[in-house]
Amino acid sequence: MAYANADEIWSMILSVDDRPDGVEKVALLEEAAQAAESLGDERLVNYCLVDLVSAHRNWTGTTEMVPHFARLCERFEERRETFDDYSSHRFLWSYRWIVQAMTDDPDYSLDLVEAVLMEMRTAYLQEGYSDHAGWFEDMRLAYAIGDWDRMWKSFRASEDCDPDSMSDCNACRASFLADVLWDTDASMEDVLGFLNAALEVEDQCRRQPHETWTTAMFAHARLGDPAMARESHLRGFTMARGRVDLLDLIVEHLQFCAVSGNEARAVAILEEHAEELYGDFNPAMRLGFAEVLVILCRRFLDLGQPELPLPGPDGNEFSAAELAEWAESERVALAAEFDARNGNGHVGESSAGVIEFGTFPVPVPMGFKNYAFAQQVEDDGLDEAVTESDLDMAILEAQRRSEDFLPAQTQAWQRVGAIADRLGMDLPGSLGAQVAYARTATSRESYDTAQELEAVADRFDEAGMHGRALTIRVDALGESPHLSTYQVMETLDLYRRQADELLNSERVDDRDYYSIRAATLRIEAQRAHYQVIVEDGDPDALDELRRRALELDALLQSIEHRWAHFRRCDVLDLAGGLIEDPEERLNLYEESFQQALLSENPGVINRAAMSLSTTHMALDQPESAIPVAEKGLEDVSPFIHPGFVITLHHVLADAHSWMGGEDESQRACLQMAVLGDRHGISTGGIIGRHMMALSLRRQGRPLCSAEYLQAILPDLDDDDVDRRINVHVQLAEIYEECFQPERGIDHAEAAIRLMEEDEEYHDHHVYTNTLWTAAHLLQGMHRFDEALAMFPRAAVGFEEHGFLQLWARASRSISWLLVEPPGADPSELPPRSEDDFTKALSTMAYVAGRLKGEVAEEDSDPKYVMQCRIELGHTFRQHSQLLYRAFTDRHDRLPETRDEVAPLLELEVRARDAYLAADPPFTSLAVEAVESAMNLLYSVNAVNEATVLGNDMLGRLSADDWDLGENIRIWCMEG
């Protein structure tokens, strides 16, 4: 852009830090520096140049900033008087960036780096600074070239100097020392000691605490603490994400995901930042990136995925094998350049060590969906060599466990089958049938399970175990949802008759007989319940089934055996599910849970705990639900259906959140997501991540929440519109809250579009709030015309549904957009007309009038009235500010007389009264209004009136609010 005068350049300089780092920012500053030079404003040239050096450093970290720094050096030596304190400090500080940039670029000789470092130390001492920063920079250089003796000597020397404004912040110093210790034989506990110190200090620069969290995630994972490792990754990555000046940290997060069992997340990070990561950055960072690419690609090669497509250089797609070859070549070449410059093999050796990083002692589950091929595969658990004697012993052990339940009995028979397979033997008769039955225990698909069970039943029949065969056929029928209700009912009657015949002929034992009765009753109840709910069946049928279940329970009470407790649990659970009254259902489920405990069967305990804990939650009893759910999760094996386990973790997540235990809730959410992904239960992964996001947002960690919300969207079914809308709305709100409008607007527009496409999902409150959010996002992106079109739509929605306090906010936003959009550069705005100000001021007056009417309504809800009074106060204050802008725009000067500030003063006083009239009064807001009014009076020399107004406010303050009036007291005393 062309600059007409120095004021325009100064205006840009004051706002340049708010612009994103990159080529546009550099070009803007280069143009500004040229313009300042042509204007002959030496001080302004200095400001442009120090910002230009900073912009290059934050963008690429390369030595492209060296020529601009050289100009600053020349100017500082020849025109010292043109540097004020600020530009002097910025110039001297940039010495450190130059030393670091040269160290990170092997094109600069070591002698030159040492010479510039010495210049820096001399300049610091001449300007009255200590040598603390000098010794610390010397330590960094020694660390980079592998001179450990020099590094520790420099460290000890730095400790003898006092830190000053040229020193790194305390957090950076501690974090760097943690990095140094990592490369020594120091323990991870010692490393974490420095990292914790870095997190606790208050003075932190723009790299902190991001950098510290990044190192901490590795240290926690090394110590086998996956929870803290995950926490550190989430905190560090969400802070560094998308920041060009922190790409080195992004690379470390990519590495962390690659070695912690989160390969898909590593690729997602690479895809998101590929354009920047493959850019023209300093060679040291390019080396670090090449090392991490080698680690990632080798991981995929180890997983048997050499053809997996990955983002490569120049925007091209590479296979994992191709990218591994490219990255290794890049790594070796860059390391060799550094070693040639440094005169040793330190960088090459260090780089070779990095790519052999390996993995952590334990995986670090983060709750993000991973590649299916990356899931861990379990082996058969056998030693390399087995004999027929081992098989005989395994059969005896399995038979000894015939009275046991899952998992002991099933695992024993599975071991028998594994040994037989290893020996190449087919087991005859009942032995083969038992093994085949044990192998169905982890089947998950109903249709496949039913077919397997029918085949197993045939084998038991062939072995003469007809009772066991019929028991398994009943189980197969329960896994046959494809059969019609009529077919199922007919088959159930047949199986009951066959069971009675077997009992009469003494060909079935009590255990199998009562198992058949309980299982047939359960299947009949499932079908009858479905008919009542979906097909308008007879509700009395459910009462009859419940009666039969309780009769069977009464019979089972006379049998003293663990399996009888198991079956009692089964029928009581069935009876409870057929009762509408939650209290009565709770009583049956509590008894069912006690029977499950007596059965000592982990699978039964798990299922009973699920029924009881979910009922506790339905009755708003989270404190009772937690111990039950925890008991159900004590002994979880692969034979327990993961859906049950996910449900129990869901209960814990919900209950802990209800009771304010968000950390405990998040641990349960993580388990839901991990189990759902591992077992292909998409709802487990989706709901776990969604609940995790909600919990993190309640904790005040919106960007961490957004990570999980973003991960949900690709897995949602097209018909899950409600959840899709919910996720888009939350993401839009989060990014608006975190001042990232570019990331939020697409989500807001997606949610609006989904609600407009189908009336079924058009929740008016959510829709209007999303319009409001979208308007703010558009305003934050300086798309003011679109925002001006969106705010009225939100205002109409709020008004239609009686939310006048929200309508007031939207209407005030319209007023400001007409004349002075928030965040806009005034020099970029078109001239404002008298008509624009008239419309804006009229809108403010109209809003105030409507709100006054609302607070006057005697029958209104007190909370609503309080909110309206607060909005009325805000409206008066913003009306005053808008009137001030209109005056200065019309007269091209500030108000100068008491009469000219009178309308503004009256509005501030009205605001004070509105805030104090609220119940409870908002005293702090009232004080702010009075302070503004006093400033107006001081500006026109009406000191006495300002003092009277201030003392009046002080007289209204209670003892609890006394500190709020500190400024007013000082002003009244000093006049």
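Under an unreviewed UniProt entry, the name given to the protein chain is Tetratricopeptide repeat protein, and the source organism is Salininema proteolyticum.

S.K.: Looking at this structure, how should I read the overall build of the protein chain?
M.R.: A tally of helices and strands in the protein chain yields 44 helices and two strands. The burial tally for the protein chain puts 52% of its 975 residues in the buried class. The long-range fraction of contacts in the protein chain, counting pairs at least 24 apart against all pairs at least 6 apart in sequence, stands at 65%. Here the protein chain holds 84 positive side-chain charges and 181 negative ones, and the gap between their average locations is 2 Å.

S.K.: Got a minute to help me understand the packing of helix H30 (residues 642–658) against helix H32 (residues 682–698) in this structure?
M.R.: The packing of two helices is summarised by the inter-axis angle and the distance between the axes. At their nearest, the axes of H30 and H32 sit 11 Å apart, and the two run at 15° to each other. Taken as axis vectors, H30 and H32 run roughly parallel relative to one another. When you trace H30 past H32, the crossing you get is left-handed. Across the interface between the two elements, Ile646, His650, Ala653, Asp654 and Ser657 from H30 touch Gly684, Ile687, Met691 and Arg698 from H32. Looking at side-chain class alone, the contact of H30 with H32 contains four nonpolar, three polar and two charged residues.

S.K.: Would you mind showing me how to read the environment of Leu694 here?
M.R.: Here Leu694 is to be found in helix H32. With 36 residues separating them in the primary sequence, Leu694 and Gln730 have C-alpha atoms 9.1 Å apart. Apart from the residues within four sequence positions on either side, Leu694 is in contact with Ser705 and Gln730.

S.K.: Before we go on, may I ask you to explain helix H4 (residues 66–78) in this structure?
M.R.: Owing to its 3.6 residues per turn, the α-helix brings residues three or four apart onto one side. The first and last C-alpha atoms of H4 sit 18 Å apart over 13 residues, in line with the 18 Å expected at 1.5 Å per residue. For H4, the full list of buried residues reads Val66, His68, Phe69, Leu72, Cys73, Arg75 and Phe76. In this structure, the buried side of H4 is in contact with helix H2 (23–39), helix H3 (42–59) and helix H5 (85–103).

S.K.: Looking at this model, I keep getting lost on the packing of aromatic side chains. Mind explaining?
M.R.: To describe a pair of aromatic rings, one takes the distance between the centres and the angle between the planes. What the rule picks out here adds up to 32 aromatic pairs. One aromatic cluster is present, formed by Phe69, Phe76, Phe83, Phe91 and Tyr95 through successive ring pairs. We note Arg222 situated over the ring of Phe357; from NZ or CZ to the ring centre the distance is 4.4 Å.

S.K.: Whenever I open this one, the nonpolar core confuses me. Can you help?
M.R.: Proteins that are soluble and globular tend to have nonpolar side chains buried together. Grouped together as the largest cluster of nonpolar side chains are 98 residues, with contacts concentrated most on Leu254, Phe256, Leu270, Leu310 and Phe360. Residues in contact with Leu270, not counting those within four places in the same chain, are Leu254, Leu277, Tyr278, Phe289, Leu293, Leu296 and Pro311. Counting 68 residues, the second-largest nonpolar core is a separate cluster that includes Tyr761, Leu777, Leu817 and Leu957.

S.K.: What's the story with helix H23 (residues 485–504) in this structure? I'm lost.
M.R.: Between its first and last C-alpha, H23 extends 29 Å over 20 residues, near the 28 Å set by a 1.5 Å rise per residue. Taken residue by residue, H23 has Thr485, Val488, Leu492, Tyr495, Ala499 and Leu502 as its buried positions. End-on view of H23: buried residues confined to an arc of 100°, all on one side of the axis. More than 90 degrees from the buried face of H23, the exposed residues found are Tyr486 and Asn504. Following H23 by one or two positions, Glu506 has its phi on the positive side, about 55°.

S.K.: Could you clarify how one ought to interpret the pattern of salt bridges in this entry?
M.R.: A side chain of one charge can pair with a side chain of the opposite charge if their charged atoms are brought near each other. Under the definition given, this model contains 64 salt bridges. Its salt-bridge partner being Glu37, residue Arg71 comes within 2.9 Å of it at the nearest N-O pair. Note that Arg71 is positioned in helix H4 and Glu37 in helix H2, a separation of 34 residues in sequence. The exposure class assigned to Arg71 is partly exposed, which follows from its relative accessible area of 30%. Where Glu756 meets Arg793, a salt bridge forms, and the shortest distance between an N and an O atom there is 2.9 Å. You can see Glu756 sitting in helix H35 (residues 741–757) and its partner Arg793 sitting in helix H37 (residues 784–800), a full 37 residues away along the chain. Judged by relative accessible area, Glu756 falls into the partly exposed class, the value being 43%. Of the residues examined, Arg793 reaches a relative accessible area of 37% and is grouped as partly exposed. Each of the salt bridges in this network shares a partner with another, and the network as a whole consists of Glu114, Arg121, Asp131, Asp138 and Arg150.

S.K.: Got a minute to help me understand a negative patch on the surface in this structure?
M.R.: Among the surface-exposed residues, Asp722, Glu757, Asp758, Glu759, Glu760 and Asp763 lie close enough to one another that they form a single negatively charged patch. With respect to the helices, strands and loops of the structure, Asp763 is situated in the loop between H35 and helix H36 (764–780). Taking the relative accessible area as the measure of exposure, Asp763 reaches 40% and is therefore partly exposed.

S.K.: Before we go on, may I ask you to explain unusual backbone geometry in this structure?
M.R.: Peptide bonds are, in most cases, trans, and in most cases residues other than glycine have a negative phi. The amide bond that connects Asp919 to the next residue, Pro920, takes the cis arrangement and shows omega of 5°. Assignment of secondary structure puts Pro920 in the loop between helix H41 (898–917) and helix H42 (923–939). The backbone phi angle of Glu506 is positive, close to 55°, even though this residue is not glycine. Summarising the element assignment, Glu506 is placed in the loop between H23 and helix H24 (510–534). Accessibility expressed as a relative area gives 72% for Glu506, which makes it exposed. Residues other than glycine seldom take positive phi values, yet His782 does so here, at roughly 65°. Along the chain, the position of His782 falls in the loop between H36 and H37.

S.K.: Can you help me understand the side chain of Arg473 in this one?
M.R.: For Arg473, the location among the structural elements is in helix H22 (residues 466–478). You can call Arg473 buried: its relative accessible area is 16%. Among residues more than four places away in sequence, those in contact with Arg473 are Glu454, Ala457, Asp458, Asp461 and Tyr495.

S.K.: Could you clarify how one ought to interpret the environment of Ala926 in this entry?
M.R.: The residue Ala926 is located in helix H42 in this model. The class of Ala926 is buried, set by a relative accessible area of 0%. Sequence separation between Ala926 and Glu908 is 18 residues; the distance between their C-alpha atoms is 9.0 Å. Not counting residues within four places of it along the chain, the set of residues in contact with Ala926 comprises Arg912, Tyr915, Leu916 and Met953.

Conventions we followed
- Counting restarts for each chain: residues are numbered from 1 in the order of the written sequence.
- The predicted nature of this model means local features are confined to residues of pLDDT at least 70 and side-chain atom pairs, given and counted, to a pLDDT of 80 or more, with totals for whole chains, interfaces and linings taken over all residues.
- Side-chain metrics rest on all non-hydrogen atoms present in the structure, leaving aside hydrogens and water.
- Numbering goes from the N terminus for both helices and strands, where a helix is a DSSP run of H or I of at least four residues and a strand is a run of E of at least two.
- We call a residue buried when its accessible area falls under 20% of the maximum for its residue type, exposed when it is over 50%, and partly exposed in between, using a 1.4 Å probe and counting protein chains only.
- Contact between two residues is taken to exist if any of their heavy atoms lie within 4.5 Å; hydrogens are not considered.
- In summary, the charge assignment counts Lys and Arg as positive and Asp and Glu as negative, without counting His or the chain termini.
- Just so you know, the charge point we use is NZ for Lys, CZ for Arg, CG for Asp and CD for Glu.
- Axis angles are defined between N-to-C directions and span 0 to 180 degrees, where every axis is a line fitted to C-alpha atoms and, for a helix, only to the segment in contact.
- Our angle categories are set so that under 35 degrees counts as roughly parallel, over 145 as roughly antiparallel, 65 to 115 as roughly perpendicular, and the remainder as oblique.
- By convention, the crossing between two helices is left-handed when the near helix turns anticlockwise from the far helix through less than a right angle, and right-handed when the turn is clockwise.
- Each residue gets one of three labels, nonpolar for Ala, Val, Leu, Ile, Met, Phe, Trp, Tyr, Cys and Pro, charged for Asp, Glu, Lys and Arg, and polar for the others, Gly among them.
- Working rule for helices: expected span equals 1.5 Å times residues minus one.
- Classification of ring pairs rests on two measures: the distance between centres of Phe, Tyr or Trp rings, Trp counted by its six-membered ring, which must be within 6.5 Å, and the angle between planes, read as stacked under 30 degrees, edge-to-face over 60 and tilted in between.
- The rule for a charge over a ring is simple: NZ of Lys or CZ of Arg within 6 Å of the ring centre, and within 35 degrees of the ring normal.
- Only buried residues count toward a nonpolar core, which is a set of Ala, Val, Leu, Ile, Met, Phe, Trp, Tyr and Cys residues joined through side-chain atoms within 4.5 Å.
- Throughout, the arc means that of the directions going from the helix axis to the C-beta atoms.
- By salt bridge we mean one thing: a side-chain nitrogen of Lys or Arg within 4 Å of a carboxyl oxygen of Asp or Glu.
- Patch building starts from residues that exceed 30% relative accessible area and form no salt bridge, then joins like charges within 9 Å and nonpolar side chains (Val, Leu, Ile, Met, Phe, Trp, Tyr) within 5 Å.
- Each accessible area is a Shrake-Rupley result for a 1.4 Å probe, and residues are judged covered by the shown protein chains and nothing else.

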